[in-house]
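Coordinates in review
Each chain is listed here by its residues.
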Amino acid sequence: MPVDLARAAALRREIERHNYAYYVLDQPTIPDAEYDRLFRELQALEAEHPELATPDSPTRRVGGKPLDGFAPVRHVVPMLSIRTETDTEASGAQAFDARVRKELGLGESDPPVDYAAELKFDGLAINLRYELGVLVQAATRGDGETGEDVTQNIRTVHAIPLRLHADKPPVVLEVRGEVFMRRDDFERYNAKQREAGKPTLVNPRNGAAGSIRQLDPAIAAQRPLSFYAYGLGEVQGWTPPPTHSATLDALEKLGVPVCAERITGRGAAALIAFHDDIAARRDSLPFDIDGVVYKVNRLDLQRELGFVTREPRWAVAHKFPAQEQLTTVLGIDVQVGRTGALTPVARLAPVFVGGVTVTNATLHNQDEIDRKDVRVGDTVIVRRAGDVIPEVVAAVIERRPVPEPPRFNILQSYPVCPECGSHVVRLEGEAAVRCTGGLYCPAQRKQALLHFAGRRAMDIEGLGDKLVDQLVERGLVHSPADVYGLGLDTLAGLERMAEKSAANLLAAIEASKATTLARFIFALGIRNVGETTAKDLARHFGSLAALITADEAGLLAVRDVGPVVAQSIRQFFAEPHNLEVVNKLRAAGVHWPESTGVQQSAGILAGKTLVLTGTLPMLTREAAKEMIEAAGGKVAGSVSKKTDYVVAGEEAGSKLTRAQELGVTILDEAGLLALLESQEQ
Ligand code: 5U1
């Protein structure tokens, strides 16, 4: 054998061995880089000697030229469909067993029938034709008599062997099974697409079916598909074992993927046990299934039972309740969560899905609504899997009413919170639209109270979640200010509250009135204002009034306060409902020592904005920033007309040019230091 030919054959064998280990056994044998090296070597050999390329070469898995259409393939052995039972109880298995026994002429005293049971995969049925062990054709089921030739796309499915693992392979072996997409592959693929701003797949099933029907195999090659075999078509030159389960074992030995979730057992009881086991574990399987399949295990009995129309009498599919259905969006409401996030919820025409009637489904947030383009009046796919809350998977655009309903925008439809009437905002960089009435909104009441009473906030010992639940649910507390109006009798009347603990709580409430400005700011629960920011704000402004009236520039002058935090603070105090609660708290006696803060300390750079660019000879950027801020200045990221000084070091780039264009004063490090020193004198 010429050297190249032998090397190509060896590479093909080795690469396919690694493929099998990785995609079928899920046990990678070599690092990706090494695999890539082998693959490239084979590609190079085949490019140099096209005569070396064989139909079973792994290089054919990357997808060939786009097709004009799929050629028809007539199935030598028709691809039958399967009788389906949708009832959820044991009756499906019992009825099947009773029918089988009757057809086989078995009486009550005859032994139970041996069955095989396996999963019904939610994908696309495929016939793989191997001739002398080499995959020569792959076809869809079509109408059962004639399918479509999808060989090019099927070659891209790494789990499908291009050559069977056998020294003496059958002359012809047709393997039947399902191409599907695992859930994790589906999620990963969609995440990648989303990141690249490309279209996503609706669900794993569509992902599998759509990929195989792709006319461009290069696109199919990018979709992560899997395959499991469940039966045979035409066979020549091979005698299958006498049972279905042993046939699947034999296929597995030939390198064909077969799902391990299968059993054999006697009588209806074994089938019922399998059904119940899989039904309980359905949501934790790595791929979607739509039920289980029961089969008479002995192939001679299968032959004896034969077919009715296009369905074998020896098999039945026991379907689980569908996890996806179509329905109509009647309207879109919002629900206000504990943190004030407004979650859009589609109100749906009632539909039975995942075993329950669904009338609402979450739309998550505005970005999801935009991405899925869901509108009122649309026909949508609704999914409910296990205990997960139902969600709208996609809108069926072809069924959109004419004229088109408008796009749905939360901020436009809900300018104020439906729970409390406070204004509603979407902060920069956040997916959620939020109610700003944090202290006042009933939806946020419990959360706000717990936070307010927390150890690092007002530190009201004893006011924990059980108590907060009772106080809110009995309508005793509407906002944190009401806590200071609670009396001993009221507290003592609560569940699990004795007189003593009520008195202790009352004392803790009283003691909390004397606090610090930092704690009070933190206790307000302003979004994005944590304990450290609260301290910085208190130190900087010195009084609550100064904080409340601070404009954006004033807030941005505080250490570590960026535009998002500044916006959160401004929005919080712009909401009259919040100010009302703050006033009530002060009226109730909450107090702290006030100071003038550091904002008025007129440093040499007070009110000035500086931009740092390039590398300074001595000072690090952080050190320069600290010195500027200590002198009352603010460091900004970009140069504008409002910039007072640009401090330029070495390799200063576009910021320096911009400063020159705008006529902004430019300093070097020495100039900056001189300016700062002039203050100290
Ligand atoms: N697991 C499995 N799925 N499935 C689907 N076995 C199986 N068998 C089928 C079908 C349509 O048909 C044969 C019973 C002919």
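Before going into details, it helps to say that this report is about the structure given with it. (Residues numbered from 1 in each chain as written. Predicted model: local features only at pLDDT ≥ 70, side-chain atom pairs only at ≥ 80, totals over all residues. Heavy atoms only, no water.)

**Notes on the packing of helix H3 (residues 91-103) against helix H9 (residues 267-281)**
- The geometry of H3 relative to H9 is characterised by a closest axis approach of 9 Å and an angle of 150° between their N-to-C directions. The orientation of H3 with respect to H9, classified from their angle, is roughly antiparallel. The handedness of the crossing between H3 and H9 comes out as right-handed. Here H3 contributes Ala93, Gln94, Phe96 and Asp97 to the contact with H9, which in turn contributes Ala268, Leu271 and Ile272. (Axes fitted to C-alpha atoms, helices over the stretch in contact; angles between N-to-C directions. Helix = DSSP H or I, 4+ residues; strand = E, 2+ residues; numbered from the N terminus. Parallel < 35°, antiparallel > 145°, perpendicular 65-115°, else oblique. Left-handed = near helix turned anticlockwise from the far one by under 90°. Contact = heavy atoms within 4.5 Å.)

**A closer look at the packing of aromatic side chains**
- Tallying each qualifying case throughout the model produces 13 aromatic pairs.
- Judged by centre distance (5.5 Å) and plane angle (45°), the ring pair of Phe96 and Tyr115 falls under tilted. One end of the pair, Phe96, is in helix H3; the other, Tyr115, is in strand E3 (residues 114-121), and 19 residues separate them in sequence. In terms of burial, Phe96 and Tyr115 fall into one category: buried.
- Here the aromatic rings of Tyr228 and Phe287 are separated by 5.8 Å at their centres, their planes lie at 65°, and the arrangement is edge-to-face. With Tyr228 in strand E8 (residues 226-236) and Phe287 in the loop between H9 and strand E10 (289-296), this residue pair connects regions lying 59 residues apart in the sequence. (Phe/Tyr/Trp six-rings, centres within 6.5 Å; stacked < 30°, edge-to-face > 60°. Buried < 20%, exposed > 50% of the residue type's maximum accessible area, 1.4 Å probe, protein only.)

**Focus on the packing of helix H13 (residues 445-453) against helix H14 (residues 465-473)**
- Following both chains from N to C, one finds H13 and H14 inclined at 135°, their axes separated by 10 Å at the closest point. With respect to H14, the element H13 is oriented oblique. Seen from above, H13 lies across H14 with right-handed handedness. Only Asp465, Val468, Asp469, Val472 and Glu473 of H14 make contact with H13, whose side of the interface consists of Arg445, Lys446, Leu449 and Leu450.
- Along the lines of polarity and charge, the residues of the contact of H13 with H14 split into four nonpolar, no polar and five charged. (Nonpolar A, V, L, I, M, F, W, Y, C, P; charged D, E, K, R; others polar.)

By themselves, these are just geometric observations and shouldn't be taken as functional.
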